[in-house]
Amino acid sequence: ALSDLVLGAASQGETWTSPLGNTVPLGPLGAYDRRQPVSVFWQIQSDHERDTRITVALYRLSSGDQETPVLEVSSSAEVGAGLTEWQRNLGVAQLEGGSYRIEVSLDDTEGSLVKRSAALYLW
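An account of the accompanying structure is given in this report. The structure presented is a predicted model; accordingly, all values stated were derived computationally and were not measured.

What about the sheet that holds strand β1 (residues 6-8)?
In spatial order, the strands read β1-β4-β7; together these three strands make up an open sheet with antiparallel pairing. Two strands close off the open sheet at either side, each with one partner strand: β1 and β7 (82-90). Between one strand and the next, the sheet's axes are offset by a mean angle of 20°, whatever the strand orientation.

So, in structure tokens, the structure goes:
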């Protein structure tokens, strides 16, 4: 299972402490300065250990092609049994300002695919 995504930026000065004790930047302004990294946080609940491919992708909403990501980062990871927390900081300075959809997808070796997305506005 994959939780909702929590977006944030350290520059906005608000944080939350997760159930496992991690400090998570929040985004109370609802918009993010492109010159600062955007943090994306999520939790994974698994009944057993599994090898997983994690992909974080950003899609520009105002473009004609909303199915081709303008930024995509993938990595392989081992997800442990129980609750696991993940946090990534994304450099978005090269992107234009505007509305985006950020999507995190998990694809494991058992053929299971789970996705979550959130709205992201860059200025």
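A look at the environment of Asn89
In this structure, Asn89 sits in strand β7. For the pair Asn89 and Glu78, spaced 11 residues apart in sequence, the C-alpha to C-alpha distance is 19 Å. Residue contacts for Asn89: discarding those within four places in its chain leaves Pro37, Val38 and Ser39.

As for the sheet that holds strand β8 (residues 98-108)
Two modes of strand pairing occur in sheets, parallel and antiparallel, and in both the strands are linked by backbone hydrogen bonds. Overall, antiparallel pairing links the four strands, which are arranged β6-β5-β8-β9 in an open sheet. Each edge of the sheet is formed by a strand with only one pairing partner; in this case those strands are β6 (71-79) and β9 (113-122). For this sheet, the mean angle separating the axes of adjacent strands, direction not counted, is 15°. Both strand β5 (residues 50-60) and β6 contribute to a ladder of nine bridges, which runs antiparallel.

Some thoughts on the environment of Arg116
Within the secondary structure, Arg116 sits in strand β9. Separated by 74 residues in the primary sequence, Arg116 and Trp42 place their C-alpha atoms 9.3 Å from one another. Ignoring anything within four residues of it in the chain, the contact list for Arg116 reads Leu2, Ser3, Asp4, Leu5, Ile102, Glu103 and Val104.

Details of the side chain of Ser46
Positionally, Ser46 belongs in strand β4 (residues 38-46). Overall, the relative accessible area of 6% leaves Ser46 in the buried class. In this structure the side chain of Ser46 is engaged in a polar contact, spanning 2.6 Å, whose partner is the backbone oxygen of His48. Within polar-contact distance, the side chain of Ser46 engages the side chain of Arg50 at 3.1 Å. Look past the residues within four positions of Ser46 in its chain and what remains in contact with it is Val79, Gly80, Ala81 and Gly82.

Calculation rules
- Once a new chain begins, its residue numbering starts again from 1 and follows that chain's sequence as written.
- The predicted origin of the model limits local features to residues at a pLDDT of at least 70 and limits the giving and counting of side-chain atom pairs to 80 or more, whereas totals for whole chains, interfaces and linings rest on all residues.
- Hydrogens and water are ignored here; the side-chain numbers use all heavy atoms of the structure.
- When DSSP finds at least two bridges between two strands, those strands are taken to pair.
- Helix and strand definitions follow DSSP, with helices as H or I runs of at least four residues and strands as E runs of at least two, each counted in order from the N terminus.
- Axis lines are fitted to C-alpha atoms, over the contacting stretch for helices. Their N-to-C directions set the angle, which ranges from 0 to 180 degrees.
- Residues count as neighbours in contact if any of their non-hydrogen atoms are within 4.5 Å of one another.
- Working definition: with a 1.4 Å probe on protein chains only, accessible area under 20% of the residue-type maximum means buried, over 50% means exposed, and in between means partly exposed.
- Whenever two N or O atoms come within 3.5 Å, that pair is a polar contact, provided that in protein one can donate a hydrogen and the other can accept it, and provided that, for residues adjacent in sequence, both atoms are side-chain atoms.

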